[in-house]
Number of protein chains: 2
Amino acid sequence: MTSDCIFCKIIAGEIPGQFVYQDEQVVAFRDIHPIAPTHILIAPRKHFDSVHHVDASDEPLLGHLFTAARLIAEQEKVSQSGYRLVVNTGAGAGQTVFHIHMHLLAGKPMSDKLV
Amino acid sequence: MTSDCIFCKIIAGEIPGQFVYQDEQVVAFRDIHPIAPTHILIAPRKHFDSVHHVDASDEPLLGHLFTAARLIAEQEKVSQSGYRLVVNTGAGAGQTVFHIHMHLLAGKPMSDKLV
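Residues numbered from 1 in each chain as written. Chains lettered and ligands numbered in written order. Predicted model: local features only at pLDDT ≥ 70, side-chain atom pairs only at ≥ 80, totals over all residues. Heavy atoms only, no water.

Here's the deal with the packing of aromatic side chains
Aromatic ring pairs: the centre-centre distance and the angle between the two ring planes describe each pair.
Residues and elements named next belong to chain A.
Now for step 1: With the rule as written, the count across this model stands at five aromatic pairs over all chains.
Now for step 2: Ring centres of phenylalanine 7 and phenylalanine 29 lie 5.2 Å apart, and the angle between their planes is 85°; on these two criteria the pair is classed as edge-to-face. A residue pair is termed long-range when its members are at least 10 positions apart, and phenylalanine 7 in helix H1 (residues 6-11) and phenylalanine 29 in strand E2 (residues 26-30) qualify at 22 residues. Summarising the burial analysis for this pair, phenylalanine 7 and phenylalanine 29 share the class buried. (Phe/Tyr/Trp six-rings, centres within 6.5 Å; stacked < 30°, edge-to-face > 60°. Helix = DSSP H or I, 4+ residues; strand = E, 2+ residues; numbered from the N terminus. Buried < 20%, exposed > 50% of the residue type's maximum accessible area, 1.4 Å probe, protein only.)

A short note on unusual backbone geometry
Now for step 1: Backbone geometry places lysine 77 of chain A, a non-glycine residue, at a positive phi of 60°.
Now for step 2: Its location among the elements puts lysine 77 of chain A in the loop between helix H2 (59-75) and strand E4 (83-89).

Brief notes about the environment of phenylalanine 98 of chain B
Residue and element names in this part refer to chain B.
Now for step 1: Mapping phenylalanine 98 onto the fold places it in the loop between strand E4 (83-89) and strand E5 (102-106).
Now for step 2: On the basis of relative accessible area, phenylalanine 98 is assigned to the partly exposed category, the value being 38%.
Now for step 3: When sequence neighbours within four positions are dropped, the list of residues in contact with phenylalanine 98 reads His47, Phe48, Asp49, Gly90 and Ala91. (Contact = heavy atoms within 4.5 Å.)

Quick notes on the pairing of strand E2 (residues 26-30) of chain B
All names here are of chain B.
Now for step 1: Within E2, four of the five residues are buried, which leaves the element mostly enclosed by the surrounding structure.
Now for step 2: Where strand E1 (residues 19-22) folds back onto E2 in an antiparallel hairpin, the turn is made up of three residues.
Now for step 3: For E2 and strand E3 (residues 38-44), the ladder comprises five bridges, and the chain directions are antiparallel. Note on E3: the bridge partner recorded for phenylalanine 29 is leucine 41. (Pairing = 2+ DSSP bridges.)

Things to note about the relation of the copies chain B and chain A
Now for step 1: In the superposition of chain B on chain A (RMSD 0.0 Å, axial shift 0.0 Å), the rotation amounts to 180°. These values place the two chain copies in the arrangement generated by a two-fold rotation axis. (Least-squares fit on C-alpha atoms with pLDDT ≥ 70 in both.)

Remarks on the sheet that holds E2 of chain A
What links the strands of a sheet is backbone hydrogen bonding, and the strands pair in either a parallel or an antiparallel sense.
Now for step 1: Read from one edge to the other, the open sheet built from 10 strands follows the order E1(A)-E2(A)-E3(A)-E5(A)-E4(A)-E4(B)-E5(B)-E3(B)-E2(B)-E1(B), with strand pairing classed as antiparallel. Strand pairing shows two members of the sheet lacking a second neighbour, strand E1 (19-22) of chain A together with E1 of chain B, which therefore form its edges. Ignoring which end each strand starts from, the neighbouring axes of this sheet average 20° apart.
Now for step 2: Pairing geometry for E4 of chain A and strand E5 (residues 102-106) of chain A, over four bridges, is antiparallel. (Axes fitted to C-alpha atoms, helices over the stretch in contact; angles between N-to-C directions.)

Brief notes about the pairing of E5 of chain A
Residues and elements named next belong to chain A.
Now for step 1: Burial within E5 is extensive, with five of its five residues counted as buried.
Now for step 2: Residues of E5 alternate between two faces, with Met102, Leu104 and Ala106 on one and His103 and Leu105 on the opposite face, all of them buried.
Now for step 3: Summarising the sheet, strand E3 (residues 38-44) and E5 pair through five bridges and their orientation is antiparallel. Considered in E5, the bridge of isoleucine 40 is made with leucine 104.

Quick notes on the pattern of salt bridges
Residues and elements named next belong to chain B.
Now for step 1: Evaluated as defined, the whole model comprises eight salt bridges over all chains.
Now for step 2: Between aspartate 112 and lysine 113 there is a salt bridge; the shortest N-O distance is 3.3 Å.
Now for step 3: Overall, the relative accessible area of 56% leaves lysine 113 in the exposed class. (Salt bridge = Lys/Arg side-chain N within 4 Å of Asp/Glu carboxyl O.)

Coordinates in, geometry out; function isn't part of it.
Structural data, given as structure tokens:
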């Protein structure tokens, strides 16, 4: 845990989060400023500032973000309608919390404007 | 390889691709319709239709997409300015080629309009 990281505090239960999924490796909670009907953030329990800060030893954990996303999409009943997974890396790309997280976005037709 | 998959054909060299990175697990090539100054697609050599079709045994490979993205971002000199990683799952989310791929988008300030 990094003491000044808001996501570490949510994961530790020090700040409330609306959790939708948890396992030993990751947690998932609703974005407090949703931009789609389903907007969930999936984050590893282990702190990494960003994708800049991962290496080969982290690959199983990072891959688990995808299988967790698949499970959560099924749970949220958006598997069939489709979902977009986004990881922003760096402030210039829109990363606002520097603890790696994957956005799961669903529940509306998606544009092709990814940037 | 799936015989009717355009990305399997690019990976096999049957259709030309502008490759920027290759290793034993993944390949990366430029999107032919870029929507950002840097727009690269990173795909596993192994065919999966989408995130719907992965399970726990695929996690190391899926995590490798992130470490490959990190390397490619450094190679493209966009690590510092930031990059967005996007995986669309299902036609409703904008997936157009049904072979898992991660978009690496960079080279311009990014909006917060992810959908």
